[in-house]
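Coordinate inspection notes
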2 protein chains.
Amino acid sequence: MPQTKGGNTIDRKEKLKAFLKQRGFKSTRQRDIIADEFLKSGEHITAEEMYKKVSRKHRDIGFTTVYRTLKLLAKSGLATERVFADNLTRYEPLSAEDHHDHLICINCGSITEFEDLKLERLQEKIAGEFGFRIVTHKMEFYGYCNVCGERQRKK
Amino acid sequence: MPQTKGGNTIDRKEKLKAFLKQRGFKSTRQRDIIADEFLKSGEHITAEEMYKKVSRKHRDIGFTTVYRTLKLLAKSGLATERVFADNLTRYEPLSAEDHHDHLICINCGSITEFEDLKLERLQEKIAGEFGFRIVTHKMEFYGYCNVCGERQRKK
DNA sequence: AGGAAATTGAAATTCATTTTCATTTAACGT
DNA sequence: ACGTTAAATGAAAATGAATTTCAATTTCCT
Ligand SMILES: [Mn+2]
Ligand SMILES: [Mn+2]
Ligand SMILES: [Zn+2]
Ligand SMILES: [Zn+2]
């Protein structure tokens, strides 16, 4: 039973259905398959990657639909859009309440997540000094992960 | 005498010349003009915007040269490349030693800069807990600046 | 089942960025 | 100053991810 951030896959698919119904959108075979694959993947995945993954089993599902479904998941609150330094749009399963930031290795590309309340509070404090009301923020660290850092030191 | 971050324009143009010479690159009329306009502008400017600005006075200078010169300035350490949420590459005059982060208004687009040592230290601390060695980071706040925040409250 | 409205997927479009290539120009030695 | 060579320039073309278009298909509701 693959447990993912923010709830299990079944709960989330319910949430998607509710979202669709509420907006007058339709439940389709394609959306079901894509949401399923996506929600259990737990990655920071691009539309292209997601398309490749889905189309292995389902040749008839097109890239455009995958692309649109990921956008839809983001709008429904089940996914978050992220753009890191490579300038590709990535999606990750995430409920609206969750929040975390990222450590990105510039050597191996690994992405580590973290959550730090002190950091969030300090951000609010800094913004407050400028009379600035934060809606979202982007906090990313680029450098060497512990694996790549070790390897480098040995050289 | 327009004083810009990280030194005056003349100093910086010296630095550029040194960089060019050291690498076997050439000093050209175009590079001179573009660097001049750019260094005294002090903005977060796109290649397109910079091109428009430059080409008003110098119709013969092409977009490609502006684009390439901005990249060159970045490599020489006189400019920093930034990509904010609109996904356009912007350049700002900046010496290598300087560092600051940004508050970006999602209503009026204004960009405010700040520097916070506590924040920088906390970032190091967090990274350290993962054995992660930071090379660069991206810290951006998106929300309402004090002007737009006020206006909104009045509605 | 019937019909309106949404969805799909292939292809086309957009748009910033980057590359190509023929021509021009700067730098250096003579 | 002159010639040589390598770099720079600028127009145009290419790239590539993101987005839109549109005819055909599917879903949803009565
Ligand atoms: Mn994440
Ligand atoms: Mn800045
Ligand atoms: Zn790594
Ligand atoms: Zn504002």
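Our structure is the block above this text.
Attention in this report is confined to the structure presented alongside it. Worth saying up front: this structure is predicted, and the values here are computed from it rather than measured.

With that settled, consider the packing of helix H2 (residues 29-41) of chain A against helix H4 (residues 63-76) of chain A. Residue and element names in this part refer to chain A. Where H2 contacts H4, the two axes come as close as 10 Å, and the packing angle between them is 65 degrees. Of the possible angle classes, the one that applies to H2 and H4 is roughly perpendicular. Crossing angle aside, the handedness with which H2 passes H4 is right-handed. Where H2 abuts H4, its residues Gln30, Arg31, Ile34, Ala35 and Phe38 lie against Thr65, Val66, Thr69, Leu70, Leu72 and Leu73. Classifying every residue of the contact of H2 with H4 gives 7 nonpolar, 3 polar and 1 charged.

Let us now look at the coordination of the manganese ion (ligand 1). Residues and elements named next belong to chain A. Every protein donor of the manganese ion (ligand 1) is listed here as His44 (NE2), Glu92 (OE), Glu92 (OE), His100 (NE2), His102 (NE2) and Glu113 (OE), and their distances to the metal cover 2.1 to 2.4 Å. Classification of the site at the manganese ion (ligand 1) as irregular follows from its 6 donor atoms and the range of 55 to 170 degrees in their angles at the metal. Considered as a linear motif, the donors of the manganese ion (ligand 1) on their single chain read H-x47-E-x7-H-x1-H-x10-E. In this pair, His44 sits in the loop between H2 and strand S1 (45-46) while His102 sits in strand S4 (residues 101-105), placing the two residues 58 residues apart along the sequence.

Quick look at the sheet that holds strand S4 (residues 79-83) of chain B now. All names here are of chain B. Spatially, the 3 strands line up as an open sheet ordered S3-S5-S4, and their pairing is antiparallel. The sheet is open, and its two edges are formed by strand S3 (45-46) and S4, each paired on a single side. Summarising the sheet, S4 and strand S5 (residues 89-93) pair through 5 bridges and their orientation is antiparallel. Within S5, the position partnered with Val83 by the bridge is Thr89. Most of the contacts of helix H2 (residues 29-41) go to S5, to which it runs at about 80 degrees, and overall it touches S3, S4 and S5.

Quick look at unusual backbone geometry now. The phi angle at Asn87 of chain A is positive, at roughly 65 degrees, despite the residue not being glycine. Relative to the assigned elements, Asn87 of chain A resides in the loop between strand S2 (79-83) and strand S3 (89-93).

Before going further, it helps to spend a moment on the protein's contact with DNA strand C. The local shell around DNA strand C holds 21 residues, among which Thr28, Asp60, Thr65 and Arg68 of chain A together with Tyr67 of chain B are the closest. In DNA strand C, the atoms that sit within 4 Å of the protein are 70% sugar and phosphate, with bases accounting for the remainder. Backbone polar atom of Asp60 of chain A to a phosphate oxygen of DNA strand C: 2.5 Å apart, as the coordinates give it. The separation between a base nitrogen of DNA strand C and a polar side-chain atom of Arg68 of chain A is 2.4 Å. Elements that contribute at least two residues to the surface near DNA strand C include exactly H2 and H4 of chain A together with helix H4 (63-76) of chain B. Here the surface near DNA strand C takes 5 residues from H4 of chain B, the largest share from any one element. In terms of residue class, the surface near DNA strand C is built from 5 nonpolar, 9 polar and 7 charged.

It is worth spelling out the coordination of the zinc ion (ligand 4) at this point. Residue and element names in this part refer to chain B. Within the protein, Cys105 (SG), Cys108 (SG), Cys145 (SG) and Cys148 (SG) serve as the donor atoms for the zinc ion (ligand 4), at 2.2 to 2.3 Å. Written as a sequence motif, the donor arrangement for the zinc ion (ligand 4) is C-x2-C-x36-C-x2-C. Pair noted here: Cys108 is in the loop between strand S6 (101-105) and strand S7 (111-114) and Cys148 is in helix H6 (residues 146-154), with a separation of 40 residues, a long-range link. We classify Cys148 as buried; its relative accessible area is 4%.

The next subject is the protein's contact with DNA strand D. Among the 21 residues in the neighbourhood of DNA strand D, the closest are listed as Tyr67 of chain A together with Thr28, Asp60, Thr65 and Arg68 of chain B. For DNA strand D, a phosphate oxygen lies 3.1 Å from a polar atom in the side chain of Lys71 of chain A. Arg68 of chain B places a side-chain nitrogen or oxygen 2.4 Å from a base nitrogen of DNA strand D. Contributing elements (two or more residues each) for the surface near DNA strand D: H4 of chain A together with H2 and H4 of chain B. Element by element, the count of residues in the surface near DNA strand D is highest for H4 of chain A, at 5 residues. Taken together, the residues that form the surface near DNA strand D break down as 5 nonpolar, 9 polar and 7 charged.

Taken together, the 34 residues of chain A in the interface contact 34 residues of chain B. Put simply, chain A and chain B have 0 salt bridges between them. Between the two partners, chain A and chain B, sit 12 residue pairs in polar contact (both at pLDDT 80 or more). Elements represented by at least two residues in the side of chain A that touches chain B include exactly S4, strand S5 (111-114), helix H5 (117-129), strand S6 (133-144) and helix H6 (146-154) of chain A. Counting residues per element, the side of chain A that touches chain B draws most heavily on S6 of chain A, at 12 residues. Inspection of the sheet shows S6 of chain A paired to strand S8 (residues 133-144) of chain B by 11 bridges, in the antiparallel sense. Looking at S8 of chain B, one finds that Met139 of chain A is bridged to Met139 of chain B.

About the criteria used
- Residues numbered from 1 in each chain as written.
- Chains lettered and ligands numbered in written order.
- Predicted model: local features only at pLDDT ≥ 70, side-chain atom pairs only at ≥ 80, totals over all residues.
- Heavy atoms only, no water.
- Axes fitted to C-alpha atoms, helices over the stretch in contact; angles between N-to-C directions.
- Helix = DSSP H or I, 4+ residues; strand = E, 2+ residues; numbered from the N terminus.
- Parallel < 35°, antiparallel > 145°, perpendicular 65-115°, else oblique.
- Left-handed = near helix turned anticlockwise from the far one by under 90°.
- Contact = heavy atoms within 4.5 Å.
- Nonpolar A, V, L, I, M, F, W, Y, C, P; charged D, E, K, R; others polar.
- Donors = N, O, S within 2.8 Å, 3.2 Å for Na, K, Ca; no water.
- Tetrahedral: all angles 85-135°; square planar, octahedral: opposite > 155°, others 65-115°.
- Pairing = 2+ DSSP bridges.
- Near = heavy atom within 4 Å.
- Polar contact = N/O pair within 3.5 Å; in protein donor to acceptor, adjacent residues only side chain to side chain.
- Buried < 20%, exposed > 50% of the residue type's maximum accessible area, 1.4 Å probe, protein only.
- Salt bridge = Lys/Arg side-chain N within 4 Å of Asp/Glu carboxyl O.

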